[in-house]
Amino acid sequence: MKRLKKITLWIMFLWICSMQTWASSFDEGNEIQMILDEMLQELSHIHQIYELQRHDLNTEVFNINKLLQSETSSENLLQLLVKKDALQTQYLALNYAEASEISKIRYLKGLSIIKILYEKVLALDHHFASISTFNEINKISNPNHYPEFAGIKELVKTSSSKKTGLELTKILGDNVYANIATTLVGLFNSDASKEVKQQELTQVECIMDFTLRMHQDLNTIWFETAFLQKSHAKIKLDLEQLFTDYTKPIGYFTSLAACRNADDWDQVHEKLKTYLGQMDTYMNDPAQTVKAHKMQVNLEFPIDRLLQFIIQYNAFIDQGGKFYEKFKIILDSYENAAQCKSSLPPEYQKLKTDIDIAIEKFNTAYKPVEVNGSKMKEILYGINEYE
């Protein structure tokens, strides 16, 4: 009993320490690694405690077996057999208690990981809210938004004596290729002098070249970013549903967003504490072991769901990083960037800077640390491959 009390006190100490560590160690990009490192230490210590007790029991059973070989008294033999049976029962109880403690630690660490991942998902919310919108992309890629191009169109309109009676419709007028082609033809056919035409063409050549070469690529960046944003929205919904499923067994029914906004994590821990207390009560009652096992399974299943979500989240982050690497290649591919540097819109350089920042974020702040390796096996299954 004294040993069990010491174990209980130690578990409570680890629980409190892990919560204090969580509150003081939120380091961008490393927080999940810290949770996993704590997990390994706590699992290792729990295993050592129970292994020591199993060793003591095995020693007693070994000694009883030696006595059984030499004992001749029926009464003594019966007492030794009863004692051996009690020790074996105690041995099984120790195994169950260890599994229960492992489940507790895994659940708590899983809850901490959910909390960290949600902060990452919310950071992605901010990221997608701050990236270039379709209107901004359209402004960069459409020559109609450049004052120099508007000036040459006005020149064509006022200096042409040849009236064709034809004007581009709104649809064709918004088409980059038709717009530029029509404007160039109009400039060549206008009544302006050759010098004026050449001067006007020189002023807009970089704008025309940039929009013709980059229009489709810039639109590709926007549409693929919109796809990433939609995928992120699904990730967020899945994580919120995971939290609902994760906390349902312990009787906590507040949404993840509401829990975070109200800073209601203490209430989650109280619900878990009550749940674990009930599970321990059942565990110590031979008539209630089935209920105890069911309660333990209810803790195990949502942790397995967490593994599935982490794989999904990692795939999304890997995909996002690759998309932004491709965007960087696209933007750097404009071959006349050096010659046309003074004519390129500032939004173009801002977009390049935003993409560089996004690549760094996807490779560091948003990406969990080693969540698919041996350490995740240990947090989810309590397995140490090197024991």
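Residues numbered from 1 in each chain as written. Predicted model: local features only at pLDDT ≥ 70, side-chain atom pairs only at ≥ 80, totals over all residues. Heavy atoms only, no water.

K.L.:
Outline the overall build of the chain, listing residues and values.
P.N.:
Of regular secondary structure, the chain possesses 13 helices and zero strands. Reading the chain from its N terminus to its C terminus gives the helix and strand order α-α-α-α-α-α-α-α-α-α-α-α-α. The buried share of the chain, reckoned over its 387 residues, is 42%. Carbon and sulfur atoms make up 57% of the accessible area of the chain, which totals about 21500 Å². (Helix = DSSP H or I, 4+ residues; strand = E, 2+ residues; numbered from the N terminus. Buried < 20%, exposed > 50% of the residue type's maximum accessible area, 1.4 Å probe, protein only. Areas by Shrake-Rupley, 256 points an atom, 1.4 Å probe, with all protein chains shown as cover.)

K.L.:
I'd like a description of the packing of aromatic side chains, backed by residues and values.
P.N.:
A full pass over the atoms with the stated rule returns 12 aromatic pairs. Measuring from centroid to centroid gives 5.2 Å for F210 and Y334, while their planes differ by 80°, and the two rings are edge-to-face. Note that F210 is positioned in helix α8 (residues 194-247) and Y334 in the loop between α11 (289-332) and α12 (346-363), a separation of 124 residues in sequence. The same class applies to F210 and to Y334, which are both buried. By way of ring pairs, the aromatic residues F227, F323, Y324, F327, F362 and Y366 are connected into one cluster. (Phe/Tyr/Trp six-rings, centres within 6.5 Å; stacked < 30°, edge-to-face > 60°.)

K.L.:
Lay out the packing of α8 against α11 in plain terms, naming residues and giving numbers.
P.N.:
Their axes nearest at 10 Å, the elements α8 and α11 cross at an angle of 165°. Between α8 and α11, the angle is such that the two are roughly antiparallel. You can see that α8 and α11 cross each other, and the crossing is left-handed. Of the residues in the contact of α8 with α11, the class split is 20 nonpolar, six polar and seven charged. (Axes fitted to C-alpha atoms, helices over the stretch in contact; angles between N-to-C directions. Parallel < 35°, antiparallel > 145°, perpendicular 65-115°, else oblique. Left-handed = near helix turned anticlockwise from the far one by under 90°. Nonpolar A, V, L, I, M, F, W, Y, C, P; charged D, E, K, R; others polar.)

K.L.:
Tell me about unusual backbone geometry, and name the residues and values.
P.N.:
Its identity as a non-glycine residue notwithstanding, D263 has a phi of 50°, on the positive side. Tracing the backbone through its elements, the reader meets D263 in the loop between α9 (256-261) and α10 (265-283).

K.L.:
Got a sec to walk through the state of the cysteines? Specific residues and values, please.
P.N.:
Using the criterion set out here, one finds one disulfide in the structure. Paired through a disulfide, C206 and C340 show a sulfur-sulfur distance of 2.1 Å. Between C206 and C340, the S-S dihedral sits near -75°, and the bridge is therefore left-handed. With C206 in helix α8 and C340 in the loop between α11 and α12, this residue pair connects regions lying 134 residues apart in the sequence. The class of C206 is buried, set by a relative accessible area of 12%. Residue classification places C340 among the buried positions, given a relative accessible area of 5%. (Disulfide = S-S within 2.5 Å.)

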